[in-house]
Amino acid sequence: QVQLVESGGGLVQAGGSLRLSCAASGRTISNYDMGWFRQAPGKEREFVAAIAWIKVNTYYSDSVKGRFTISRDNAKNTVYLQMNMLQPEDTAVYYCAASSAARLIPSRTRSAYDYWGQGTQVTVSS
């Protein structure tokens, strides 16, 4: 089993930045695809970003493309989400996820991910 713990969430004003971290334990995630999802109050959990195990293959939802950057440090068994130009609509609980089925093109669907973190709250004020 893989345990994932997110951190770095908080309160930020519109236009600000946050960097989320996802620390994995239990086993190495060097050959796992990793993703970030978010869930706003009363909304469905939605895809944000994903990165393949080869690192260079990354994908983003249209709503965050150009503002968010996903990265990974396999030596630290950690995945990051750099969030810039945050807007109130970015307010949500952000979840880290891991997929043991490594892909050259990472999945944007929830069902592709086997392990999930507990989530970290991101609140963006206007």
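Refer to the structure printed above.
Criteria and thresholds
- Residues numbered from 1 in each chain as written.
- Predicted model: local features only at pLDDT ≥ 70, side-chain atom pairs only at ≥ 80, totals over all residues.
- Heavy atoms only, no water.
- Core = buried A, V, L, I, M, F, W, Y, C linked by side-chain atoms within 4.5 Å.
- Buried < 20%, exposed > 50% of the residue type's maximum accessible area, 1.4 Å probe, protein only.
- Contact = heavy atoms within 4.5 Å.
- Helix = DSSP H or I, 4+ residues; strand = E, 2+ residues; numbered from the N terminus.
- Pairing = 2+ DSSP bridges.
- Lys, Arg positive; Asp, Glu negative; His and termini not counted.
- Salt bridge = Lys/Arg side-chain N within 4 Å of Asp/Glu carboxyl O.
- Polar contact = N/O pair within 3.5 Å; in protein donor to acceptor, adjacent residues only side chain to side chain.
- Axes fitted to C-alpha atoms, helices over the stretch in contact; angles between N-to-C directions.
- Disulfide = S-S within 2.5 Å.

Time to look at the nonpolar core. Core analysis: the largest hydrophobic core is formed by 29 residues, its most contacted members being Leu4, Met34, Trp36, Leu81, Met83 and Tyr94. Here Tyr94 is in contact with Glu6, Leu20, Trp36, Phe37, Arg38, Val48, Phe68, Leu81, Met83, Gly119, Thr120 and Val122, once residues within four sequence places are set aside. In terms of nonpolar packing, the next biggest core, distinct from the first, is built from six residues, Phe37, Phe47, Ala97 and Ala112 among them.

Right, let's talk about the pairing of strand β1 (residues 3–7) for a bit. Here β1 shows a buried face lined by Leu4 and Glu6 and an unburied face lined by Gln3, Val5 and Ser7. One ladder, built from five bridges, connects β1 with strand β3 (residues 18–25); its direction is antiparallel. Looking at β3, one finds that Ser7 is bridged to Ser21.

Inspection of the secondary structure assignment puts Glu6 in strand β1. No salt bridge is formed by the buried Glu6. Its closest oppositely charged neighbour is Arg45, at 7.3 Å. A distance of 2.8 Å separates the side chain of Glu6 from the backbone nitrogen of Gly119, its partner in a polar contact.

Let's shift gears to the sheet that holds β1. Strand order across the open sheet formed by four strands is β1-β3-β8-β7, with antiparallel pairing between neighbours. Each edge of the open sheet is held by one strand with a lone partner, namely β1 and β7 (68–73). Going from strand to strand, the sheet's axes swing by 15° on average, the running direction of each strand aside.

The next thing to look at is the side chain of Thr91. Take Thr91: it is sitting in the loop between β8 (78–83) and β9 (92–99). Residue classification places Thr91 among the buried positions, given a relative accessible area of 18%. A polar side-chain atom of Thr91 sits 3.0 Å from the main-chain carbonyl oxygen of Pro88. At 2.9 Å, the side chain of Thr91 forms a polar contact with the backbone nitrogen of Val124. Beyond its immediate chain neighbours, meaning those up to four positions away, Thr91 contacts Ala40, Gln121, Val122, Thr123 and Val124.

What follows covers the pairing of strand β5 (residues 46–51). Of all six residues in β5, five are buried; the element is thus mostly enclosed. Across five bridges, the pairing between strand β4 (residues 33–39) and β5 is antiparallel. Directly across from Trp36, in β5, lies its bridge partner Ala49. Hairpin geometry of β4 and β5 is characterised by an intervening segment of six residues between the two adjacent antiparallel strands and by a positive phi of about 75° at Gly42. In terms of strand pairing, β5 meets strand β6 (residues 58–60) through three bridges, oriented antiparallel. In the strand pairing of β6, Ala49 is matched with Tyr60.

Should the sulfur atoms of two cysteines be covalently bonded, the bond is a disulfide. Scanning all chains against the criterion turns up one disulfide. One disulfide bridge connects Cys22 with Cys96, the sulfur atoms lying 2.0 Å from each other. Its S-S torsion of about -80° marks the bond between Cys22 and Cys96 as left-handed, since a negative value means left-handed. Within this pair, whereas Cys22 is found in strand β3, its partner Cys96 is found in strand β9, the two being separated by 74 residues in sequence. The pair Cys22 / Cys96 is uniform in exposure class, with both members buried.

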